[in-house]
Structure formats: structure tokens, C-alpha cells
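Architecture and fold: a report
Listed here are the chains, written in short residue letters.
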Amino acid sequence: MKTFTLTPENKEKFEKLSKRYPKIDSMMLPTLWLVQEQEGWISPEAMIAVAELLSTTPIRVYEVVTFYTMYNTKPIGTHHIEVCKTTSCMLCGSKEIISYLEETLDIKPGETSKDGQFTLSVVECLGSCGGAPMLAFNGDYVENLTIEKVKTLLEESSDDN
């Protein structure tokens, strides 16, 4: 079985962070962020390693990882598109944005394009209801979406490659 370890730099960050939290359980989210920043996703092996670091069970780590949409349980593409699916965004057109992305990228939510460039996720509220519909593109918020804005975003990201 493959094993996972934090890089020396991330082990140091973990040690520093752990001093800021009164209970080791409080370290779950920050530790998972370290793993995801290091690997791009959180593998089953990484979940086991996190459980060992935090003196908890792998199933507890799995529950946390799968509860939050911010954590990736499989490798993602170069560009991660997270479209908000909650009420404000749906009322303002996110359903059409999702359909456009599915058609244009030939993927469904949770999938990565064949070229490995784009992963599409449909997520719970991203906290920007006043700018609905919105999405996060590689973590950057893009608000007041239109099909044209999304088309430009995809074209610009293709120019980067």
C-alpha cells in the first residue's frame, strides 16, 4: 500500500499550527488544507496519515473531507471551476452557466476534461449572493456571470497554456 507524508516544509507548518489550537481535533481542517495544497487533492493514503497525525480514525477524516466541497477527493484539472448552485445563483441563471460549461467542456459536474485542463464542480453557497450567479475559477470569484463572461474566462485560460 502506498503511503503519504507531508513535505518537511508542511511538517514544520503543521507543528507551528498545532501550537495555536488548544485541542488536536481543531487541527483537522488546517491539516487537510496542507495536504491539498501539497498534493492538489486528498487521497485515501493521505486521510490515513492525517488520522495518525491527529490521533483519530481514518473514517472521521473521510467524513470531514467528504462533507466539505472545498476538499478534492480525486485529482483535478489545471483549472478548477466551482459553480454555486444555491438559490440566489439558480434564480439568476447558474443552471444555464452549468449547462454551457457541460456542453463546451464535454464534462459533467465532478468530471475533468479529457485534456486535463478543466474540472467542473457544482458547490454549495460561495457566499456572494449579491453577485449571483457566480463561480470560483481556481479559487478566484467571478460574479454577475453571463455566458459571454464564462466564454471569455475559458478562452483566456486556454491562452495561458
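Let me sum up the structure you'll find in this document.

Each value, and the rule that gives it
Residues numbered from 1 in each chain as written. Predicted model: local features only at pLDDT ≥ 70, side-chain atom pairs only at ≥ 80, totals over all residues. Heavy atoms only, no water. Helix = DSSP H or I, 4+ residues; strand = E, 2+ residues; numbered from the N terminus. Buried < 20%, exposed > 50% of the residue type's maximum accessible area, 1.4 Å probe, protein only. Contact = heavy atoms within 4.5 Å. Pairing = 2+ DSSP bridges. Axes fitted to C-alpha atoms, helices over the stretch in contact; angles between N-to-C directions.

**Focus: the side chain of Gln36**
- Structurally, Gln36 is set in helix H2 (residues 28-39).
- By relative accessible area, which is 10% here, Gln36 ends up buried.
- With residues near it in sequence (within four places) discarded, Gln36 still touches Trp41, Ile42, Met70, Tyr71 and Asn72.

**Some points on the sheet that holds strand E4 (residues 140-142)**
- Pairing is mixed across the open sheet formed by four strands, whose spatial order is E2-E1-E3-E4. Each edge of the open sheet is held by one strand with a lone partner, namely strand E2 (118-123) and E4. Across this sheet, the average inter-strand angle for adjacent strands is 25 degrees, counted without regard to direction.
- Relative to strand E3 (residues 135-137), strand E1 (residues 79-84) is paired through three bridges, and the arrangement is antiparallel.

**Examining the pairing of E2**
- E2 sits mainly inside the fold: five of its six residues count as buried.
- Where E1 and E2 come together, six bridges link them in parallel fashion. Within the sheet, the bridge partner assigned to Val83 lies in E2 and is Val122.

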